[in-house]
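Structural description and commentary
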Amino acid sequence: MGIRPAFGGPARQAVNALAGYARNGVSSLAALALNAVTGLAALVVLALVLVSAALVPVAGFGRAPLGLGLALVHRLAAYQRRWAGRVLDRDGAAGSHRCETDRPLRATAVPEPRRRGTLRELGWLAVHVVTGPVPVVAVWAMLAALDYVWFRLRPAETSTLNTFALSFSIVAIAAVALMAMPLFRIGQARLTRRLLDGGTATDARIRSLTASRAAVVDARAAELRRIERDLHDGAQAKLIAVRMHLGLARGSRDPGEMVRMIDEAREVAGQALTDLRDLVRGMHPPVLSDRGLAGAIEASALLCPIPVEVDIDLPGRPQPPVESAVYFAVAEALVNVAKHSGASRAWVRLRHTAGVLRMTVGDNGCGMVRCDGGTGVRGIEDRLSAFDGSLTVSSPQGGPTVLTMEVPCALS
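Residues numbered from 1 in each chain as written. Predicted model: local features only at pLDDT ≥ 70, side-chain atom pairs only at ≥ 80, totals over all residues. Heavy atoms only, no water.

An unreviewed UniProt entry lists the chain under the name histidine kinase, with Nonomuraea diastatica as the source organism.

**Considering the overall build of the chain**
A count of helical and extended segments in the chain gives ten helices and six strands. Per-residue burial for the chain yields a buried fraction of 36% across its 412 residues. Of the roughly 24100 Å² of accessible surface on the chain, a fraction of 64% belongs to carbon and sulfur atoms. (Helix = DSSP H or I, 4+ residues; strand = E, 2+ residues; numbered from the N terminus. Buried < 20%, exposed > 50% of the residue type's maximum accessible area, 1.4 Å probe, protein only. Areas by Shrake-Rupley, 256 points an atom, 1.4 Å probe, with all protein chains shown as cover.)

**Some remarks on the nonpolar core**
In globular proteins that are soluble, nonpolar side chains generally tend to be buried together. Counting 35 residues, the largest nonpolar core has L293, V326, V330, L357, M359, I380 and M405 as the members making the most contacts within it. Residue assignment for this core shows that the elements contributing at least two residues are α8 (286–303), α9 (320–341), β3 (346–353), β4 (356–363), α10 (377–385), β5 (390–394) and β6 (401–408). In terms of residue count, the dominant contributor to this core is α9 (nine residues). Here L357 is in contact with L293, L314, P318, V326, L350, R351, H352, M405, E406, V407 and C409, once residues within four sequence places are set aside. Formed by twelve residues, the second largest nonpolar core is a distinct cluster that contains V73, L76, W124 and L196. (Core = buried A, V, L, I, M, F, W, Y, C linked by side-chain atoms within 4.5 Å. Contact = heavy atoms within 4.5 Å.)

**Concerning the pairing of β5**
Two strands pair when backbone bridges link them, and β5 and β6 are joined in this way by five bridges, in the antiparallel orientation. Directly across from L391, in β6, lies its bridge partner M405. From the end of β5 to the start of β6, which pair antiparallel, there are six residues, and G398 there has a positive phi angle of about 90 degrees. (Pairing = 2+ DSSP bridges.)

**Description of the side chain of N35**
Within the secondary structure layout, N35 lies in helix α1 (residues 10–55). Other than its neighbours up to four places away in sequence, N35 contacts Q80, W83, H128, G132 and Q188.

**So, the environment of A241**
With respect to the helices and strands, the residue A241 is situated in helix α6 (residues 201–251). Between the alpha carbons of A241 and V268 there is a distance of 7.2 Å; along the sequence they are 27 residues apart.

**Let's talk about a nonpolar patch on the surface**
On the surface, a cluster of nonpolar side chains totalling about 390 Å² of accessible area is made up of L161, F164 and F168. Within the element layout of this structure, L161 appears in helix α5 (residues 160–197). Judged by relative accessible area, which is 65%, L161 ranks as exposed. (Patch = residues over 30% accessible without salt bridge, like charges linked within 9 Å, V, L, I, M, F, W, Y side chains within 5 Å. Salt bridge = Lys/Arg side-chain N within 4 Å of Asp/Glu carboxyl O.)

**Considerations on the packing of α8 against α9**
Between α8 and α9, the least distance of the axes is 10 Å, while the angle of their chain directions is 20 degrees. In this view, α8 runs roughly parallel relative to α9, as classed from their interaxial angle. At the point where α8 passes α9, the crossing takes the left-handed sense. Judged by residue contacts, V287, L288, G292, L293, A296, I297, S300 and A301 of α8 engage E323, S324, V326, Y327, V330, A331 and L334 from α9. Grouping the constituent residues of the contact of α8 with α9 by class yields eleven nonpolar, three polar and one charged. (Axes fitted to C-alpha atoms, helices over the stretch in contact; angles between N-to-C directions. Parallel < 35°, antiparallel > 145°, perpendicular 65-115°, else oblique. Left-handed = near helix turned anticlockwise from the far one by under 90°. Nonpolar A, V, L, I, M, F, W, Y, C, P; charged D, E, K, R; others polar.)

**Structural notes on the pattern of salt bridges**
Proximity of charged atoms lets side chains of opposite charge pair with each other. By the definition in use, this model includes eight salt bridges. Here R317 makes a salt bridge to E323, at a shortest N to O gap of 2.8 Å. Among the salt bridges present, the one from R358 reaches E406, with a minimum N-O distance of 3.1 Å. Note that R358 is positioned in strand β4 and E406 in strand β6, a separation of 48 residues in sequence. For E406, a relative accessible area of 30% puts it in the partly exposed group.

**Considering the packing of aromatic side chains**
One pass over the full model with this rule turns up two aromatic pairs. With a centroid separation of 6.2 Å and 25 degrees between ring planes, the pair formed by F164 and F168 is classed as stacked. With F164 and F168 both in helix α5, this residue pair falls four residues apart, about one helical turn. Each member of the pair F164 and F168 is classed as exposed. When the centroid spacing of 5.3 Å and the interplanar angle of 65 degrees are considered together, the rings of Y327 and F328 count as edge-to-face. Assigned by exposure class, Y327 and F328 land together as buried. (Phe/Tyr/Trp six-rings, centres within 6.5 Å; stacked < 30°, edge-to-face > 60°.)

**Describing unusual backbone geometry**
Despite not being glycine, A354 has its phi angle at roughly 55 degrees, a positive value. Summarising the element assignment, A354 is placed in the loop between β3 and β4. Within the chain, D388 stands out as a residue other than glycine whose phi angle is a positive 65 degrees. Turning to its location among the elements, D388 is positioned in the loop between α10 and β5.

**A short note on the environment of P396**
Assignment of secondary structure puts P396 in the loop between β5 and β6. C-alpha separation for the pair P396 and G367, spaced 29 residues apart in sequence, amounts to 5.5 Å.

**Let's talk about the confidence of the model for the chain**
Within the chain, residue pLDDT values average 76, and 73% of them lie at 70 or more. The low-confidence segment residues 92–98 (pLDDT under 50) makes 20 contacts with residues lying over four places distant or belonging to another chain. Contacts of residues 100–112 to residues separated by more than four positions or lying in other chains number 31 contacts, the stretch itself having pLDDT below 50. (pLDDT = per-residue confidence, 0-100.)

**As for the pairing of β6**
Of the strand pairs in this sheet, β4 and β6 are connected by eight bridges, and their pairing is antiparallel. Counted as the bridge partner of D363 is T401 from β6.

**Digging into α9**
Since the α-helix packs 3.6 residues into each turn, any two residues three or four apart lie on the same face. In this model, α9 (22 residues) spans 30 Å end to end at C-alpha, consistent with the 32 Å of a helix rising 1.5 Å per residue. Of the residues trailing α9, G342 is marked for its positive phi of about 70 degrees. (Expected span 1.5 Å × (residues − 1).)

This is how it looks when you write it as structure tokens:
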């Protein structure tokens, strides 16, 4: 019989939490240092653009440097966009976030007019010249204060009160520094996103709808390829086998061999029929047509290997496309719970209020669900975005994980 280590429970959780804070602080400090470097680079690029723009009227001198400077501005802005997206997505994995707001726009998104996009990037560049290095200076000042209090400050009198005051000051400065670095990083990412991808509400709405349309097109194309592959490798191959068996039976002169061939053809035809039924069931489950959305979700919960508490209050039925999308989204969420969460229980809530269908799928698992972690969350978001729906994920480390899905729809 093995010996259980004495170190565990709350102590282990506390150590893991401290280790997580330390890792977050180190990554935040590295990100701030990188932003300071890009801030200095932004200063150089901005100076190049301004000087080149001032020299352009002088016999065209400076036109080539101006083009080079604008190209560098575009590259630096594109890099910061990607960095901001990664930071905001990682930050959302530790708490609540809307997955769609962290998604980079697809290549099919509606582009801004070139002139307005360049002016927006130049405005961001001027701001980043200041906001890039400033957080590093602030963190350096806090670390310098910590060094001064810890190593250099010597009180005139040695007393318990002085020792307590110095210890409290050290802990407070260290805590503020640890909390400030992630906040600075997230603040820089949000400011970058706001300055580079801000725009009016109409522009943001157009981009959101265009991205959701692209996601729907991609999902439908992938679904058609899956259906084609299943038909080609499944039912089509079996029907070809049926034809071959019937051809052999027709050419056979042995009655026993003919009966055997016909029986084999009949068995293969039954398998092909089963494949076709499974394919149709994957496109629109019969349980959804027979029992409605509430009954279909209850049936999906019964198939989950962990206990699932279902609480549904639905006075009517949504439109069939919305009903199918919601069912598959909830089913995918329950599959994710069973595969990845390590939970001992889960729950599903479904309500329809003020014209919005609101579903909540939660579990008491380990948390840390990410939209880009291969856990199917992005697929759920893509499925709901076709109906102007949204997905909000709350998944702190240690759980619980709560997926909130909202779809505007009317009930019949």
